[in-house]
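Next come the chains, spelled out residue by residue.
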Amino acid sequence: YISTKILDQFISSVAAKSKFSASLYYRTLKAAFNKAVIWSYILENPFNKIKAPKVSKSYPAFIDYNELQLIITNTAKPFLIPLFKTAFYTGMRLAELVNMKWNWIDFQKNIITVKCDESFTTKNRKERIIPLNSTLRNILSNHQPKVISISRDNYVFTSANNFKLNEDFVSKNFKKAVWKSG
């Protein structure tokens, strides 16, 4: 038998080390015990009597234009520079950037439509529209392949050998450039 007191002590001991971990344990265990109630393994969820640990809201980190320029200066792989700039000007998630195709971009309407398909789904499973400012429009126009027969289903950002980029590869290279930039 697991008592409310034991669970409360466990969450408190974890919270002493890490508020975020305590919050994660709390949510996970509460959900598991809720399922146990639904399945009639227990009568009541002991977490109903335990307060959730307070976690201070953190704001996402962001960089300013000067920091972007410094990162770009320290980017070892030049084919990643347009991706980093697009990330800066749109706020798109990494998965969205590496899966972005040319058919998402409408240069006439000055918009990017983040689309879901059989190979990619957005985090919230909803498509959304991002405006193209003149700076980003120029970046993407200059990045567009010059070959007339370009397929609109091709990825916008690819490796130097025209292979689809891997999220880990992009992330590691961005972190290297950030670290090198100080």
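Note that residues are indexed from 1 along each chain, following the sequence as it is written. Local features in a predicted model are, by the rule used here, given only for residues with pLDDT of at least 70; side-chain atom pairs are given and counted only at 80 or more, and totals for whole chains, interfaces and linings are based on all residues. The basis for every side-chain value is the complete set of heavy atoms in the structure, and neither hydrogens nor water enter the calculation.

### Some details on the sheet that holds strand E3 (residues 128-131)
- One open sheet accounts for three strands, arranged E1-E2-E3; its pairing is antiparallel. Here the strands that pair on one side only, and so sit at the sheet edges, are strand E1 (105-106) and E3.
- When DSSP locates at least two bridges between a pair of strands, those strands are taken to pair. Helix numbers and strand numbers start at the N terminus; a helix is a DSSP run of H or I with at least 4 residues, a strand a run of E with at least 2. In terms of strand pairing, E1 meets strand E2 (residues 111-114) through two bridges, oriented antiparallel. Bridged to Asp106 within E2 is Ile111.

### Section: a nonpolar patch on the surface
- Side chains of Phe20, Leu24 and Val55 sit close together on the surface and give an oily, nonpolar patch of about 280 Å² of accessible area.
- Note that Val55 resides in the loop between helix H2 (19-38) and helix H3 (65-73).
- Of the residues examined, Val55 reaches a relative accessible area of 39% and is grouped as partly exposed. Patch construction takes residues with relative accessible area above 30% that form no salt bridge. Like charges are linked within 9 Å, and nonpolar side chains (Val, Leu, Ile, Met, Phe, Trp, Tyr) are linked within 5 Å. Note that accessible areas follow from Shrake-Rupley with a 1.4 Å probe, and for residues the cover is restricted to the protein chains shown. Each salt bridge in this description consists of a side-chain nitrogen of Lys or Arg and a carboxyl oxygen of Asp or Glu lying within 4 Å of one another. The classification of residues rests on relative accessible area computed with a 1.4 Å probe and restricted to protein chains. Under 20% of the type maximum is buried, over 50% is exposed, and intermediate values are partly exposed.

### Digging into helix H1 (residues 4-17)
- How far a helix is expected to stretch is found by multiplying one less than its residue total by 1.5 Å. Across its 14 residues, H1 extends 20 Å between first and last C-alpha, which sits within 8% of the 20 Å expected from 1.5 Å per residue.
- Within H1, burial applies to Leu7, Ile11, Val14 and Ala15. Projection of H1 onto a plane perpendicular to its axis shows the buried side chains occupying an angular sector of 105°, all on one side. Relative to its buried face, H1 has exposed residues pointing more than 90 degrees away, namely Lys5, Ala16 and Lys17.
- Buried residues belonging to H1 abut H2. The arc in question is the one traced by the directions running from the helix axis out to the C-beta atoms. Here a residue-residue contact requires only that any non-hydrogen atoms of the pair lie within 4.5 Å.

Honestly, that's just the spatial picture; any functional story needs more than this.
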